[in-house]
Amino acid sequence: MFACDGARGFGCNFPRGCSFLGCVMNGDDFRRVVLRHKDRVHTYAAWVMRDVEEARDVTQQSLLRLWEHRGTVSEAAAATWLRRTAHRLCVDRLRRQNVARNNGDGPLALLSAGGEAGGSEATELCRSVAAALAALPERDRAVIVLREMDGLSYEQMSEIMEMPLGTLKAALHRARERLRRALTGAGVLG
Amino acid sequence: MSELGDELWRDCAKARALIQEHLDSNPRESSDVSLPTHLEECDACHEYLEGQLAVRAGLRGLPLIAFPEDAIEEVWSETISAGRFRRGEGRPAAGRRWLAAAAVLAAAMVGWPWFTSDTIRHSAERTEPVQTVDATRLARAATEVRLVVDLTNDALDRVERAAFDEPLMGRLAETLRQLRVHRGENETEESEEAI
Ligand SMILES: [Zn+2]
């Protein structure tokens with residue numbers, strides 16, 4: 001059994017994320033968590049779904065579910081919880097669609113358009129990397145975004161993607177190698 | 001492939017695994033391949049490292065894709081601006097909420113004097129002799145008390161879910177929290193007395 005993370009400093013011995021009052025997220029906690037994580041969760045979903053409309057739905061649903069579960073998720077555990085929920089929602093949607101979508105509203109399109117979401121700082125290298133990333137399989141995109149863009153630890157990623165640590169490391173290694181090969185093939189890397 | 005070539009290839013595989021670990025700032029304590037030495041001798045692995053670093057730089061340069069403002073407004077309107085429960089979902093009936101709130105108040109009224117009573121808090125100051133209890137009975141009693149406390153906390157938890165701040169504007173939370181803190185103090189005092 002996990003010990004409660006004692007987010008409120010009670011240091012109680014209740015199971016992690018126990019719903020005793022000290023660890024229940026109130027409105028202010030929820031607002032803080034949402035503001036801190038919304039863009040990262042949205043970016044993750046956009047890259048995994050390759051569709052910003054879907055990413056918007058996934059992010060919104062994840063945040064609403066966090067609100068519904070605020071009695072059992074502490075503020076400290078919310079970062080991983082949100083991403084795991086978003087990941088599950090993405091996987092479910094991709095399975096239902098049964099075909100990897102890559103329509104014009106993907107993150108790549110935003111980047112190419114250089115619009116609000118793309119920003120002007122996207123250099124040529126970034127555009128090439130983004131194109132190669134978008135062409136990778138779903139799991140490769142997920143591990144790369146969590147690790148390289150979100151900066152999460154192996155342990156957090158393993159919890160989010162619900163895979164053993166060893167499998168996760170191997171998946172990350174493979175994904176990076178595929179990305180490097182794609183960029184070499186495209187003549188971006190020597 | 002020659003024996004030497006075979007060996008070099010094996011070293012390259014190990015070197016690339018080490019490069020991955022270095023990229024994650026998590027290098028293995030020991031390996032039979034020295035990465036700096038291998039990189040000096042092997043152009044392919046040197047190129048591999050440079051490629052990985054370039055990929056990383058490209059990925060880290062990608063901008064965040066902002067969650068749209070209207071989407072976040074919808075989240076607020078369905079959560080903190082809508083009260084504690086989403087409309088029609090997981091919301092206990094009004095009667096049940098009031099009943100739960102009343103139950104907690106009653107428990108607080110009955111429990112508070114007991115938790116804070118002189119009998120409990122200052123029993124060590126009593127003038128009459130304290131009956132001695134054998135260790136096994138004391139341990140069993142302590143276990144039973146813990147069980148009761150756990151069950152009570154579970155019940156409080158359910159009540160909290162049902163009643164929380166709608167009927168009592170959040171004051172319920174503070175009351176329950178104080179109950180819990182006092183339980184902790186009493187436990188400490190009791191265990192000191194047992195010693
Ligand atoms: Zn080599």
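Source: prediction; values computed, not measured.

Q: Help me understand unusual backbone geometry, please; the structure alone is not making it clear to me.
A: Residue and element names in this part refer to chain A. Its identity as a non-glycine residue notwithstanding, Arg50 has a phi of 60 degrees, on the positive side. Structurally, the position occupied by Arg50 is in the loop between α1 (27-49) and α2 (52-68). With relative accessibility at 9%, the residue Arg50 sits in the buried group. A positive phi angle is found at Glu162, which is not glycine, with a value near 55 degrees. Judged by its relative accessible area of 45%, Glu162 falls in the partly exposed class.

Q: How should the packing of helix α3 (residues 78-97) of chain A against helix α7 (residues 154-161) of chain A be read in this particular structure?
A: When two helices pack together, you describe them by how their axes are tilted relative to each other and by the distance separating the axes. Residues and elements named next belong to chain A. At a minimum axis separation of 8 Å, α3 and α7 run at an interaxial angle of 40 degrees. When the interaxial angle is binned, α3 and α7 end up oblique. For α3 against α7, the interelement crossing comes out right-handed. Side by side, α3 and α7 meet where Thr80, Arg83, Arg84 and His87 of the first sit next to Gln156, Glu159, Ile160 and Met161 of the second.

Q: Explain the side chain of A:Arg56 here, please?
A: With respect to the helices and strands, the residue A:Arg56 is situated in helix α2. With relative accessibility at 13%, the residue A:Arg56 sits in the buried group. Among all residues touching A:Arg56, those that are not within four sequence positions of it are A:His42, B:Phe67, B:Pro68, B:Asp70, B:Ala71 and B:Glu74.

Q: Sorry, what's going on with the coordination of the zinc ion here?
A: Residues and elements named next belong to chain B. Around the zinc ion, the protein contributes the donor atoms Cys12 (SG), His38 (NE2), Cys42 (SG) and Cys45 (SG), at 2.1 to 2.3 Å from the metal centre. Seen from the zinc ion, its 4 donor atoms lie at angles of 99 to 114 degrees, and the figure they make is tetrahedral. Along the chain, the residues donating to the zinc ion fall in the pattern C-x25-H-x3-C-x2-C. Like Cys42, the residue Cys45 is buried in the burial classification.

Q: How do you make sense of the packing of aromatic side chains when you look at a structure like this?
A: The description of two aromatic rings rests on the distance between their centres and on the angle between their planes. The tally for this structure, following the rule as stated, stands at 2 aromatic pairs over all chains. Here the aromatic rings of A:Phe30 and B:Trp76 are separated by 6.4 Å at their centres, their planes lie at 80 degrees, and the arrangement is edge-to-face. Here A:Phe30, found in helix α1, pairs with B:Trp76, found in helix α4 (residues 69-78), and the two come from separate chains. For B:Trp76, a relative accessible area of 7% translates into the label buried.

Q: Could you clarify how one ought to interpret the nonpolar core in this entry?
A: Most often, soluble globular proteins have nonpolar side chains that are buried together. Counting 61 residues, the largest nonpolar core has A:Trp47, A:Leu66, A:Leu133, A:Val143 and A:Leu179 as its most contacted members. Take this core: its biggest share by element is 10 residues, from α1(A). Leave out the neighbours within four places in its chain, and A:Leu179 touches A:Val129, A:Ala132, A:Leu133, A:Leu136, A:Ile144, B:Val55 and B:Leu59. Within the second largest apolar cluster, 11 residues are counted, among which are B:Ala15, B:Leu23, B:Cys42 and B:Cys45.

Q: Would you explain α4(B) in this entry?
A: One full turn of an α-helix is made of 3.6 residues, so residues set three or four places apart face in the same direction. For α4(B), the full list of buried residues reads B:Ala71, B:Ile72, B:Val75 and B:Trp76. Summarising the axial view, the buried residues of α4(B) lie within an arc of 145 degrees, below the 170-degree limit, and thus occupy one face. Summarising the contacts, the buried residues of α4(B) are in contact with α1 and α2 of chain A.

Q: Is there a simple way to think about the confidence of the model for chain B in this case?
A: As a note on interpretation, predicted positions should not be read in detail where pLDDT is low. Residues and elements named next belong to chain B. For chain B, mean pLDDT is 69; residues scoring 70 or higher make up 45% of the total. At the level of individual helices and strands, chain B shows its lowest average pLDDT in helix α8 (residues 165-168), which scores 50, and its highest in α4, which scores 96. When the criterion is pLDDT under 50, residues 84-93 qualifies, and its contacts beyond four places in sequence or with other chains add up to 24 contacts. Segment residues 181-195: pLDDT under 50, and 19 contacts once partners within four positions in sequence are set aside and those in other chains are kept. Interface predicted TM-score (ipTM) for the complex: 0.82; the corresponding pTM is 0.63.

What counts and what doesn't
- Residues numbered from 1 in each chain as written.
- Chains lettered and ligands numbered in written order.
- Predicted model: local features only at pLDDT ≥ 70, side-chain atom pairs only at ≥ 80, totals over all residues.
- Heavy atoms only, no water.
- Helix = DSSP H or I, 4+ residues; strand = E, 2+ residues; numbered from the N terminus.
- Buried < 20%, exposed > 50% of the residue type's maximum accessible area, 1.4 Å probe, protein only.
- Axes fitted to C-alpha atoms, helices over the stretch in contact; angles between N-to-C directions.
- Parallel < 35°, antiparallel > 145°, perpendicular 65-115°, else oblique.
- Left-handed = near helix turned anticlockwise from the far one by under 90°.
- Contact = heavy atoms within 4.5 Å.
- Donors = N, O, S within 2.8 Å, 3.2 Å for Na, K, Ca; no water.
- Tetrahedral: all angles 85-135°; square planar, octahedral: opposite > 155°, others 65-115°.
- Phe/Tyr/Trp six-rings, centres within 6.5 Å; stacked < 30°, edge-to-face > 60°.
- Core = buried A, V, L, I, M, F, W, Y, C linked by side-chain atoms within 4.5 Å.
- Arc of directions from axis to C-beta.
- pLDDT = per-residue confidence, 0-100.

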